[in-house]
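Tertiary structure, described
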Amino acid sequence: MKLLLHACCGPCSLEPTRLLKAAGHDITIYYANSNIHPAEEYEHRLATLRAWAADAGFEVLEGPYDPATWEACAGRIGDAAIAEIEQARAKAGVKGECAGEREGEIDGTNEASSNRCKTVTDTNHGASAPDGASLFASATGSVAPRAAVLSVDPARREARCRACYRLRLEETARVAAERGFEGIGTTLSVSPYQYTQVIREEVERAATQAGVAPVFEDFRPYYDEATRESRELGMYRQNFCGCRISDLEAAAERAERKEQRAAAKAAERAAHADERAAEEAARAAHKAERAAYDKKQARKRAILKALREQGK
Ligand code: SF4
C-alpha cells in the first residue's frame, strides 16, 4: 500500500518502518508535530529523522509547524487540568472551573468553557502561583507548580494526548488524501509511554474521515530494539514526549525520583545511626583499654628497672 506514515521522531521510526516495509508497504514519512516545544527541539528531532531517513532510503515530508493550533486544543486541555488542581488546592477541595471539560471536550468548540479555561490558565502562568505554591521550571523554560503537574488526573492527561494525536493524525490523513496515498499509519505506537488504544482510535477516525485506509499496529514489543538501535546509531534521543507540558512532567518526575533517592539514603543513614554509635563506643572502649594496659606495662618496666639498678 502507498502509505503516509506519521513519524514523531527518528528513534521511534526505526522499527515501524522496518516492519511496515517488510509487510510490503511503500512508505513516505510525514513529520507533523506541532506539539513539539520549543521550536529548536522540533528542528532537532526533524534533523535527526532526516539524517537517518536519507541513509535508510525514505522520503520525509514536513507538515506545517503550528504550535498555536496545538495550544488551542491540547495545550488548553493540559493547562486547564493543571489549573484545576491548583484551584482545588487553593480552595481546599472546592471543584475547579474547568471540570466541565472532563468528558472528552477536545475540539475547542465549547467557547464558553474555552474562555473560562483561558482565564484559569492565564492566572496559572503568571509570576506567582496561588496559595504560595512554588513554581517549577523545566529545562526548556516551561513553568508550572510542580505539585499540580504531578497530580493531574490521568483521564485529563489522556484527553490532552488524544487531542494532540488527533491534530497530528488528521493533518496526516488530509495530506494523504490530497497526495494520493492509500493509507496512513503512525510511529507513535512504538512507545510504551503513549496511549496505544487511543492512538488506534485516532488513526482509524482520521483515516475514515479522509477516505484513506488506517494502518495501525501496536509496535510496543519492538521498543527495546528501537532503543538499542537508536543508541548504537548515536541518534538524538529526547527525554520527554514533545509538548511543553510533557517536558514539565518529565522534569517533575525526575526531580521527584531524585528527592526520593535522597530521602531513602537519609533514612538508611538514620536507621544505621545506632549501629554506628555502638561501633564508635566499642572502638573508644578498646582504645581506653589498650592505653590502660600500656600504662600498666610501663609501670612494671619501671619497677623492674629500679630493682635491677638496686641489685648492682
Ligand atoms: S504528552 Fe505527548 S502526546 Fe501528550 S500532549 Fe504532550 S506531546 Fe502530545
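Residues numbered from 1 in each chain as written. Predicted model: local features only at pLDDT ≥ 70, side-chain atom pairs only at ≥ 80, totals over all residues. Heavy atoms only, no water.

**Some details on the sheet that holds strand S1 (residues 2-6)**
Using the following cut-off: Pairs of strands are assigned from DSSP output, requiring at least two bridges between the strands. The way it works is that DSSP assigns letters per residue, a run of H or I at least four long becomes a helix, a run of E at least two long becomes a strand, and they are numbered from the N terminus. Every residue pair with non-hydrogen atoms within 4.5 Å of one another is taken to be in contact. For every element, the axis is a line fit to its C-alpha atoms; helices are fit only across the contacting stretch, and the angle between N-to-C directions ranges from 0 to 180 degrees.
Taken together, 5 strands build an open sheet; the order of strands is S3-S2-S1-S6-S7 and the sheet is parallel. Unpaired on one side and paired on the other, strand S3 (59-62) and strand S7 (213-214) mark the two borders of the sheet. The pairing of S1 with strand S6 (residues 183-186) spans 4 bridges and is parallel. Within S6, the residue paired with leucine 5 across the bridge is glycine 185. Those strands touched by helix H7 (residues 196-210) are S6 and S7, and its axis lies near 160 degrees from that of S6.

**Observations regarding the packing of helix H3 (residues 67-90) against helix H6 (residues 154-178)**
What counts here: Here the word oblique covers every angle except those under 35 degrees (roughly parallel), over 145 (roughly antiparallel) and from 65 to 115 (roughly perpendicular). Each residue gets one of three labels, nonpolar for Ala, Val, Leu, Ile, Met, Phe, Trp, Tyr, Cys and Pro, charged for Asp, Glu, Lys and Arg, and polar for the others, Gly among them.
H6 packs onto H3 with a crossing angle of 175 degrees between their chain directions and a minimal axis gap of 9 Å. What the angle tells us is that H3 and H6 run roughly antiparallel. Each of Thr69, Trp70, Cys73, Ala74, Ile77, Gly78, Ala80, Ala81 and Glu84 in H3 lies in contact with H6, whose residues at this interface are Arg156, Ala159, Arg160, Ala163, Cys164 and Leu167. Residues belonging to the contact of H3 with H6 are distributed by class as follows: 10 nonpolar, 2 polar and 3 charged.

**Details of the side chain of glutamate 41**
This is how it is decided: Any pair of N or O atoms that falls within 3.5 Å is considered a polar contact. Within protein, one atom must be able to donate a hydrogen and the other to accept it, and sequence-neighbouring residues count only if both atoms are side-chain atoms.
Residue position: glutamate 41 is located in helix H2 (residues 39-56). A distance of 2.7 Å separates the side chain of glutamate 41 from the side chain of tyrosine 236, its partner in a polar contact. Every residue in contact with glutamate 41, bar those within four places of it in the chain, is listed here: Ile36, Tyr236, Gln238 and Phe240.

**Let's talk about the packing of aromatic side chains**
The description of two aromatic rings rests on the distance between their centres and on the angle between their planes. What counts is decided by this rule: Two aromatic rings, drawn from Phe, Tyr or Trp (for Trp, its six-membered ring), form a pair once their centres lie within 6.5 Å of each other, and the interplanar angle then sorts them: stacked below 30 degrees, edge-to-face above 60, tilted otherwise. Each residue is assigned to one of three classes by its accessible area relative to the maximum for its type, calculated with a 1.4 Å probe on protein chains only: buried under 20%, partly exposed between the two thresholds, exposed over 50%. For a Lys NZ or an Arg CZ to count as sitting over a ring, it must be within 6 Å of the ring centre and within 35 degrees of the ring normal.
Tallied over the full model, the rule gives 4 aromatic pairs. Consider the rings of tyrosine 31 and tyrosine 42, whose centres lie 5.0 Å apart with planes at 50 degrees: the pair is tilted. Taken together, the residues tyrosine 31 in strand S2 (residues 26-31) and tyrosine 42 in helix H2 connect sequence positions 11 residues apart. In this structure tyrosine 31 comes out as buried when scored by relative accessible area, which is 0%. Aromatic ring contacts, followed pair by pair, group Tyr31, Tyr42 and Tyr65 into a single cluster. Cation over ring: lysine 2 sits above phenylalanine 181, and NZ or CZ is 3.9 Å from the ring centre.

**Digging into helix H9 (residues 244-271)**
Since there are 3.6 residues in each turn of an α-helix, residues three or four apart along the chain are aligned in direction. As a reminder, the rule being used: Expected helix span is given by 1.5 Å per residue-to-residue step, counting one fewer step than there are residues.
Between its first and last C-alpha atoms H9 spans 40 Å; for 28 residues at 1.5 Å apiece the expected length is 40 Å, and the two agree. Buried within H9 we find Arg244, Ile245, Ser246, Asp247, Leu248, Glu249, Ala250, Ala251 and Ala252.

**Here's the deal with the pairing of S6**
Going by this rule: Seen with the strands pointing away from the viewer, any crossover whose path from the first strand over the helix to the second strand runs clockwise is right-handed.
Side chains Gly183 and Gly185 project from S6 onto one buried face, and the interleaved Ile184 and Thr186 project onto a second face that is buried too. Alignment of S6 against S7, held across 2 bridges, turns out to be parallel. Bridge assignment links glycine 183 to a residue of S7, and that residue is alanine 213. In this view, the connection linking S6 to its parallel neighbour S7 by way of H7 has right-handed handedness.

**With respect to the confidence of the model for the chain**
Rules: Per residue, pLDDT measures the predictor's confidence, with a range of 0 to 100.
For the chain, per-residue confidence averages 86 on the pLDDT scale, and residues scoring 70 or more make up 85% of the total. Predicted confidence for residues 94-133 stays below pLDDT 50, and this span has 63 contacts to residues more than four positions away or in other chains.

**A look at the site of the ligand**
Quick reminder of the rule: We call a residue near a given molecule or strand whenever any one of its heavy atoms falls within 4 Å of it. Think of a 1 Å grid over the protein atoms and nothing else: a 1.4 Å probe that fits but is trapped marks a cavity, an open set flanked by protein within 12 Å on at least five of seven lines marks a pocket, and residues with an atom within 4 Å of a point count as lining. More than half of a molecule's atoms lying within 2 Å of a cavity's or pocket's grid points is what places that molecule inside it.
The ligand sits among Asn35, Trp70, Arg157, Arg160, Cys161, Cys164, Tyr165, Arg168, Gln194, Cys241, Cys243 and Ser246. If you map the ligand onto the pockets, it falls in the largest cavity. The greatest single-element share of the shell around the ligand, amounting to 6 residues, is contributed by H6. Along the lines of polarity and charge, the residues of the shell around the ligand split into 6 nonpolar, 3 polar and 3 charged.

**Considering a positive patch on the surface**
Put simply, the test is: Candidates for patches are residues over 30% relative accessible area with no salt bridge; among them, like charges are joined within 9 Å and nonpolar side chains (Val, Leu, Ile, Met, Phe, Trp, Tyr) within 5 Å. The method behind every accessible area is Shrake-Rupley, applied with a 1.4 Å probe, and residues are considered shielded solely by the protein chains displayed. Salt bridges, as used here, are contacts in which a Lys or Arg side-chain nitrogen is within 4 Å of a carboxyl oxygen on Asp or Glu. Under the counting rule used here, the positive set is Lys and Arg, the negative set is Asp and Glu, and His together with the chain ends is not counted. Here the site of a charge means atom NZ of a Lys, CZ of an Arg, CG of an Asp or CD of a Glu.
Taken together, the side chains of Arg254, Arg257, Lys258, Arg261, Lys265, Arg269 and Arg276 present a region of like positive charge at the surface. Residue contributions to the positive patch peak at 6 residues, all from H9. Topologically, lysine 258 is positioned in helix H9.

**Re the pattern of salt bridges**
Side-chain pairs of opposite charge can arise where the charged atoms are in close proximity. One pass over the full model with this rule turns up 20 salt bridges. In this structure, glutamate 41 engages arginine 45 in a salt bridge whose closest nitrogen and oxygen atoms are separated by 2.8 Å. With glutamate 41 and arginine 45 both in helix H2, this residue pair falls 4 residues apart, about one helical turn. On the accessibility criterion, glutamate 41 (10% relative accessible area) is buried. For arginine 244, the salt bridge identified is with aspartate 79, shortest N-O distance 2.8 Å. In this pair, arginine 244 sits in helix H9 while aspartate 79 sits in helix H3, placing the two residues 165 residues apart along the sequence.

**Quick notes on the nonpolar core**
Generally speaking, nonpolar side chains in soluble globular proteins are found buried as a group. What counts is decided by this rule: By nonpolar core we mean a set of buried residues, namely Ala, Val, Leu, Ile, Met, Phe, Trp, Tyr and Cys, connected to one another through side-chain atoms within 4.5 Å.
Counting residues in each nonpolar core, the largest one holds 45 residues, and the members touching the most others are Leu4, Ile29, Trp52, Tyr165 and Ile184. The set of elements that each furnish at least two residues to this core consists of S1, helix H1 (14-22), S2, H2, S3, H6 and H7. With 6 residues, the single largest contributor to this core is H6. Those residues within four positions of tyrosine 165 in sequence are excluded, and the remaining contacts are Leu188, Gln194, Tyr195, Val198, Ile199 and Glu202.

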